[in-house]
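# Structural overview
Spelled out from the first residue to the last, the chains are:
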Amino acid sequence: WKNPNWPAGGGDSVGFPSLVKNDRGPNPDGKYYLFYAHHDARSGIGVAVAAAIKGPYSKQVNVPGRTDNQVVPAFHAQSKNPDDPDHTSSPWVVWSEEEQLWFMYFHYFNHIRNIVPGFQLTAMATTPDLASNKWTIWQDPDSGTTPPYRPVLPTTSKLWANSASSYNTVHRLPDGRWLAFIRGTSSSGAPPAL
């Protein structure tokens, strides 16, 4: 953010990975899919694939409609404005047996906060076939956010999460219940809470 030479001089904050074995869906190839992002402006979520959990991982994957390995690009990915903080980050991938879908939770920069407050919210994308590298972001034109992604783990009016709901993880418990760990950030200087 505020780097007029981006992407030069960026990419030093790579992290927030999620690793899953493709053992579900219509094409369970048994490979390991590593979803990752950095936190630079206009960053997106990439995927790297390996035959073994220890790697080596390759970013040479076919993502429909793209020439790179980003499965969820930033909303303003082509922006040249160094003041544009748009980014998509912190992927977390889990399988839903009932839906027969892979769920990817990720945070995004909310440009217009006229209905849903908060600079960063958590949205979701789904795919039935992990090997396809084709994800569909859940959208809602009435969401009150820009981009119009449907917030699945939004901010709250509580001080600890009134600015951001991001870097969250979602897990499936053995009894079938879903459990989300939410990291909130305050816009008034209070420390983050988990």
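Residues numbered from 1 in each chain as written. Predicted model: local features only at pLDDT ≥ 70, side-chain atom pairs only at ≥ 80, totals over all residues. Heavy atoms only, no water.

### Quick word on the overall build of the protein chain
Keep this limit in mind: For the purposes of this entry, the term helix denotes a DSSP run of H or I that reaches at least four residues, the term strand denotes a run of E that reaches at least two, and both are numbered from the N terminus. Exposure classes here rest on a 1.4 Å probe applied to the protein chains alone. A residue is buried below 20% of its type maximum, exposed above 50%, and partly exposed in between. Surface accessibility follows the Shrake-Rupley procedure with a 1.4 Å probe radius. Residue values consider only the protein chains on display as shielding.
Along its length, the protein chain carries zero helices and ten strands. Reading the protein chain from its N end, one meets helices and strands in the order β-β-β-β-β-β-β-β-β-β. Considering the protein chain as a whole, with its 194 residues, one finds that 44% of them fall into the buried category. Roughly 10,000 Å² of accessible area belongs to the protein chain as shown, and the carbon and sulfur atoms make up 56% of that amount.

### Concerning the pairing of strand β3 (residues 45-50)
Strand residues, when the strand is regular, have side chains that alternate between the two faces of the sheet. Threshold: Between any two strands, pairing holds if DSSP finds at least two bridges.
The element β3 is extensively covered by neighbouring structure, given that six of its six residues are classed as buried. Along β3, one buried face is formed by Ile45, Val47 and Val49 and the opposite face, lined by Gly46, Ala48 and Ala50, is buried too. Pairing of strand β2 (residues 32-37) with β3 involves five bridges; the strand directions are antiparallel. If you follow Tyr33 over to β3, its bridge partner there is Val49. Both β3 and strand β4 (residues 70-72) contribute to a ladder of two bridges, which runs antiparallel. Looking across to β4, one finds that Gly46 is bridged to Gln70.

### As for the layout of surface pockets
Under the convention used in this document: Points on a 1 Å grid, built from protein atoms alone, make a cavity when a 1.4 Å probe fits but cannot get out and make a pocket when they are open with protein on both sides within 12 Å along at least 5 of 7 lines; residues with an atom within 4 Å of a point are the lining residues. Grid points are joined across faces, edges and corners, and a volume is the space filled by probe spheres set on the points. Put simply, Ala, Val, Leu, Ile, Met, Phe, Trp, Tyr, Cys and Pro go in the nonpolar bin, Asp, Glu, Lys and Arg in the charged bin, and everything else, Gly too, in the polar bin.
Within this model, the largest pocket holds a volume of roughly 190 Å³. As for the largest pocket, its lining consists of twelve residues, of which Tyr36, His38, Gly44, Asn69 and Gln70 are closest to the centre. Of the residues belonging to the lining of the largest pocket, the class tally is three nonpolar, six polar and three charged.

### A closer look at the pattern of salt bridges
So the rule is basically this: Note on definitions: salt bridges are taken to be side-chain nitrogens of Lys or Arg within 4 Å of carboxyl oxygens of Asp or Glu.
The final tally for this structure, using the stated rule, is five salt bridges. The partner of Asp68 in a salt bridge is Arg66, and the shortest N-O contact between them spans 2.8 Å. Residue Arg66 is classed as partly exposed on the basis of its relative accessible area, which comes to 30%. A salt bridge links Arg172 to Glu98, with the nearest nitrogen and oxygen atoms 2.7 Å apart. Here Arg172, found in strand β9 (residues 164-172), pairs with Glu98, found in the loop between β5 (88-96) and β6 (101-109); they are 74 residues apart in sequence, far enough to count as distant. The exposure class of Glu98 is exposed, given its relative accessible area of 57%. Where salt bridges share partners, they join Asp23, Arg24 and Glu97 into one cluster.

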